[in-house]
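What follows is the residue order along each chain.
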Amino acid sequence: MVNSDNLNLLLKVNGTQHTLQIDPRVTLLDALREKIGLTGTKKGCDRGQCGACTVLVDGRRINSCLTLAVMYQETEITTIEELAKGDELHPMQAAFIKHDGFQCGYCTPGQIMSAVGLLAEGCPSDDAEIKECMSGNICRCSAYPGIVAAIQEVRQMQPNL
Amino acid sequence: MNKTIGKPINRVDGRLKVTGEAKYSGEIPLENIAYGVIITSTIARGRIKHINTSVAEKSPGVIGIITHLDAPKLYARPNFGHEGAAGEKLAPLQNSTIYYSGQAIGVAIADTLERATYAASLVKVDYVVETPLTEMGKERDRAYPIEKFVEFTVEFALGDADAEFAKAEVKIEATYTTPTEHHNPMEPHATAAVWEGENLTVYDSTQYIFGMREGLAKMLGIPHANVRVLCKFIGGSFGCKYGLWAHTPLAAIAARQFRRPVKIVLTREQMFGLVGHRSETEQQIKLGATPEGRLTALIHQGISQTSIFDEFVETFTTTSRTMYAVPNLRTAQSVVPLNKGTPTIMRAPGESVGTFALESAMDELAWALKLDPIELRLRNYAEVHPARQVPWSSKSLKECYALAAEKFGWSRRTPEPGSMRDDRYLIGMGMASACFPMEHFPASAIARIFADGSVVVQSGSQEIGTGTATVMAQLTADMLGVPVEKVRFEFGDTELARSPGTVGSGTAASVGTAVHGAAKAVRAKVVALAQKDPNSPLYGVPEPDIETSQERIFVKNNSAKGETYQAVLARHNLEYIDANFDAKPEEEEEFAKCSFGAHFVEVRVDPELGEVRLTRVVGAFAAGRILNEKTARSQISGATIMGIGMALHEETITDPHTGRIVNDNLAEYHLPVNADIPPIDIYFIDEVDTHVNPIGVKGAGEVGITGIIAAIANAIYHATGKRIRDLPITPDKLL
Amino acid sequence: MKPFSYVRATNQNTAIQGVADRQSAKFIAGGTNLIDLMKVEVAQPDRLVDITQLPLSEIEINSDGLRIGALARNSDLAYNPEVRSHYPLLSQAILAGASPQLRNMATVGGNLMQRTRCYYFMDIAAPCNKRDPGAGCAAIEGYNRIHAIFGASDKCIATHPSDMCVGLAALDAKVRVAGSNGDRIIPIADFHRLPGDIPERDTVLEQDELIVAIDLPNSPFAKNYHYLKVRDRASYAFALVSVAAALEIENGTIKAARIALGGVAHKPWRAFVAEDILVGAKPTEETFAAAATATIREAKPYRHNQFKVEMAKRAIVRALINATEKS
């Protein structure tokens, strides 16, 4: 058992190990944004009510605002910064641009990570089901139709869906 | 080379936004940053008797706490409509008076966010509590009339509307109510303040960097030349990031006092108190008509809320003075001061909720007359602006009705309410008109061609997600005949050319005209150099014979006879060549200028459970020239969806006893989610409007929210026979 | 957020010891509710015992039914093939709640421990007997649209927000609990409490007890079931009223029936009176209406939630119709 005010913590984000000295109150979201400097993951509500903070943990999408960084040692955390490989965008990123699945761009990393998580879960083919599966990500600019179109395009590109 | 204007090209900042590289105001890396957390009042009326910061100050990592007891002097700014306006006429932390719940009463600064947040919670406050005024209906006796709000007419009369209404053969008289709403952009308001000597730089999520500079400087009592405001990306706004609110001056004074950069990011809950809202409204509409459906009288009047210390008017009568040809017209509004914050502009302020009332009433009239709702609107089509009696710069509303009706399949609608069913569900079809006045503000821009052929165009505007950066690059690229990728639009910095706030759907028209002018001017400069240069293939060629394309200037129909920009600049040993342009709106008002549209909606109502689902939306819009079909469509579609939220979901609820907002979060304040949204088909009517501005733009940011709300209410009436005049139309109202 | 110490438990006993000796210590797993409450200072633990490393996330079918480890994630439970085929009502209920991200985080045990969404409970500036016993209830005279119509008290009119628990209530789940003084099994109907005079207690769980599993008995309700949720938007919203309905129909007669309601009481509200009417009757709309009418007879609404009475009645009928039509 460990009991300490400031904890030493090893966080593996996008394949890189980060050693942090951290107040246990720091959420996974704030660790990414304020401690590691990965500001691609956004804080919209900080209460699990908007989805802007969505990241993948061991491939599954979660809200990084509602959980503590100290609980995520020995996991693989993937953020929006990891999706593009150099100049080459992830197909979901490219599809979001093509279908204008965003306006201000603030919810966009969360939308894209959620969409990538959805693909891994086995994306439904029906628009209505995709919308339901993406309803944990609020877009106030309301680019919803473009988001659904982008996901449909990437889904259809995948051979086994 | 193909022109890009009008084409659905991708956003120029798309890559930055989908990769997470775009930096918003709270994300700018700054050395030695400290975190500020605002402390807010838990009562809505009274004063602070005692505020104890001693425990908070001793909390680990705390740098300091500022309250009204020790805050430096700040100078209150007028609210709205003045240069450098604040969101509220209330400088923070200047005395102990509490006017509304959620008012800023202090700020805690610490070395980490967690420590600052905790310190803020440790500040103990004793209040002298007075009974707050919280309910507009109960306080209606305190209402006072408004003649004019800033430059907007409110009180108006044409003919004798009351007498004509009294003797009208067909009458509709109804009251419509709309609740308090909050903008809730996804990015919380953020500001980071950095002092260097007497100079202050703020990275602020603002819709108006120049207004922020002016207002902040005046509030701090320093020259505005000492203040620089930057806003590179802003995560949505919709009006609540226009005025100066408490967090920005608080970050500035904290950074000055503690001699290090201070960042303040509002919490979502604070965004329900510190940064304005759309006021609730209670609107009465009276329509008088002939049995043939010609309007003889229109009266639109009612009340909205303002704060105890400010006057803000939700100008909901505007559309009633604009939409229909009616010879007798009267509008009047009053405001009721309550212990709530000062309302502010929110997407189509006035027009959104006002059009809901007017277009619901028109639907009621159509039903009373047994007339098709489109036909009723056509019979009262305003060929000139009804209140001002001047012609339109352009108006294609008839075409909007026709196109949207056809695409929607309006002819399949059976008029009788409750007559269309799908199994146990009731199907309803409704329509409404949309209208938003065109705004044009002064703006300046600089266009610069570099020796390597790259182009930069600058204007200190903001990109709030509307596609500003993209269309400005397009306007420049087309003028200079270069690909969009060669053009960089630089914005979001008060060091750049002065631009207006991103409000009133006016940025494309205003900044676009400036950018267009600057690009044209720099092109002319290059052409002039070539014409006068014996070494140029264009030597002596008159300007009208010159064309630009493929990054070259050349003789029309003889593209071989010409040269590149680089060649001209190189021969003259120029690193770059540039030109600026100051665009001003025309002063004379010989035309009325509005964007118009029509929304058609199909709903599916569960008659037993009261749940409403939209099944499809079709809209047709005429907004002058569309600069980019993709981003314009997104704006209209996004506004439509915000209107869906207003129609069905959104309502800020205040506890009547305490004046505290009870649903100050996104779990209980229901923004539309993906599952709420049906297919939305938006069409544009091509319009060539030579009167509005040189680029023919009328604006598309807000018109899309105006018609949809009534269209939904009208469709619900058609489905159920229930006329809901009180927003939002939640399931309980349909049981 | 108040500072706290963080402890990662490596086994069940140390986990229990970690919270047993102080009221202000709490278990944390998914965190989706607790961290939220800590951010608004409604929960102020000074020690968090992280139980996510305990081996309690298995979902296993056995001869008695299904055992669900307390740490199974909501999404894993909802998409579990055994659950989908034998307890589809539970799957449907879970998927009606929250969002995919939250369901990927939230555990089954945590869902049982979810606290109310009452506005006044969530606002530490408001009086609330649940948060601060004896302080009073701001909801009774305040804005109470989302509040209880069944089983409330003059101390508290809050509702339980879970969808999953409504499904569990209909399926007669049992909660397996380990504590300092040994293990016990609590029927779901007894697990959550009505507010009565001690609204601060949501459940019968003691401070030193840890939920280790949920047991579901073998169920005859895999064929005729429906989870109906009425809410203010199409997804990602708490229920105004929800109904878990399950029927066993044999030769055109209802052999067994389960009705549980969400969004209407301090706990998942089992409508036993409705079930009694249904059993032995034909599955007709008239029977369903009689069952629904009997259920709402005990309803006591407040100023802003009167609509829930009629809505609950109609929702029961609809859920039963849908359940009947499913086969």
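For clarity, every value in this text was computed on a predicted model and none was experimentally measured.

Q: Just checking my understanding: could you explain a negative patch on the surface for this structure?
A: There is a patch of like negative charges on the surface, built from B:Asp423, C:Glu285, C:Glu286 and C:Glu325. With respect to the helices and strands, the residue C:Glu325 is situated in helix 14 (residues 307-326). Take C:Glu325: its relative accessible area is 55%, and that puts it in the exposed class.

Q: What exactly am I supposed to notice about the sheet that holds strand 10 (residues 241-250) of chain C here?
A: The strands making up a sheet are joined through hydrogen bonds of the backbone, oriented either antiparallel or parallel. Residues and elements named next belong to chain C. Taken together, the four strands give an open sheet; going across it, the order is 9-10-11-12, and neighbouring strands pair in antiparallel fashion. Both edges of this open sheet fall to strand 9 (224-230) and strand 12 (269-270), since each of them pairs with a single strand only. Where strand 10 lies against strand 11 (residues 253-262), nine bridges are found, and the strand directions are antiparallel. Note that in strand 11 the partner of Ser242 across the bridge is Gly262. Strands strand 9 and strand 10 of the sheet are contacted by helix 5 (residues 88-95), whose axis makes an angle of about 15° with strand 9. Running over the sheet, helix 14 touches strand 9, strand 10 and strand 11 and is turned about 145° from strand 9.

Q: Whenever I open this one, the domain arrangement of chain B confuses me. Can you help?
A: Interface extent is often summarised as the accessible area lost during association of the parts. Residues and elements named next belong to chain B. If you check the domain split of chain B, you get domain 1 (31-131 + 186-236 + 241-272), domain 2 (281-439 + 591-734) and domain 3 (441-583). Inter-centroid distance (C-alpha atoms) of domain 2 to domain 3 is 39 Å. Counting from both sides, the interface comprises 17 residues of domain 2 and, opposite them, 17 residues of domain 3. Interface area, domain 2 with domain 3, both sides summed: about 1,300 Å², of which 64% is carbon and sulfur. Looking at the side of domain 2 facing domain 3, the largest losses of area belong to Glu439, Leu627 and Ile695, adding up to 43% of the total buried there. Across the domain 2-domain 3 interface, the total number found is zero salt bridges. Counting across the interface, domain 2 meets domain 3 through six residue pairs in polar contact (both at pLDDT 80 or more).

Q: Sorry if this is basic, but what is going on with the interface of chain A and chain C here?
A: Chain A puts 34 residues into the contact, and the matching count from chain C is 39 residues. Taken together, both faces of the contact between chain A and chain C bury some 3,000 Å²; the carbon and sulfur share is 52%. The interface formed by chain A and chain C includes four salt bridges. Residue A:Glu74 pairs with C:Arg8 through a salt bridge whose shortest N-O separation is 3.2 Å. Every element with two or more residues in the side of chain A that touches chain C is listed here: strand 4 (60-63), helix 3 (108-122) and helix 4 (127-133) of chain A.

Q: I keep staring at the packing of aromatic side chains and nothing clicks. Help me out?
A: Any two aromatic rings considered together are summarised by their centre-to-centre distance and by the angle between their planes. Following the criterion strictly, the structure yields 21 aromatic pairs over all chains and no others. Aromatic pair C:Tyr119 and C:Tyr120: ring centres 6.3 Å apart, planes at 80°, arrangement edge-to-face. For C:Tyr119, a relative accessible area of 7% gives the class buried. Residue C:Tyr120 is classed as buried on the basis of its relative accessible area of 5%. Pairwise contacts between aromatic rings join B:Phe80, B:Phe149, B:Tyr208, B:Tyr242 and B:Phe312 into one cluster. Its end group placed over the ring of B:Phe491, B:Lys232 keeps NZ or CZ at 6.0 Å from the ring centre. In this arrangement the basic side chain of B:Lys370 is found over the ring face of B:Trp367, its NZ or CZ atom lying 4.0 Å from the centre.

Calculation criteria
- Residues numbered from 1 in each chain as written.
- Chains lettered and ligands numbered in written order.
- Predicted model: local features only at pLDDT ≥ 70, side-chain atom pairs only at ≥ 80, totals over all residues.
- Heavy atoms only, no water.
- Patch = residues over 30% accessible without salt bridge, like charges linked within 9 Å, V, L, I, M, F, W, Y side chains within 5 Å.
- Areas by Shrake-Rupley, 256 points an atom, 1.4 Å probe, with all protein chains shown as cover.
- Salt bridge = Lys/Arg side-chain N within 4 Å of Asp/Glu carboxyl O.
- Lys, Arg positive; Asp, Glu negative; His and termini not counted.
- Charge placed at Lys NZ, Arg CZ, Asp CG, Glu CD.
- Helix = DSSP H or I, 4+ residues; strand = E, 2+ residues; numbered from the N terminus.
- Buried < 20%, exposed > 50% of the residue type's maximum accessible area, 1.4 Å probe, protein only.
- Pairing = 2+ DSSP bridges.
- Contact = heavy atoms within 4.5 Å.
- Axes fitted to C-alpha atoms, helices over the stretch in contact; angles between N-to-C directions.
- Domains from an automatic or database assignment.
- Buried area = accessible area lost by both parts, 1.4 Å probe.
- Polar contact = N/O pair within 3.5 Å; in protein donor to acceptor, adjacent residues only side chain to side chain.
- Phe/Tyr/Trp six-rings, centres within 6.5 Å; stacked < 30°, edge-to-face > 60°.
- Lys NZ or Arg CZ within 6 Å of the ring centre and 35° of its normal.

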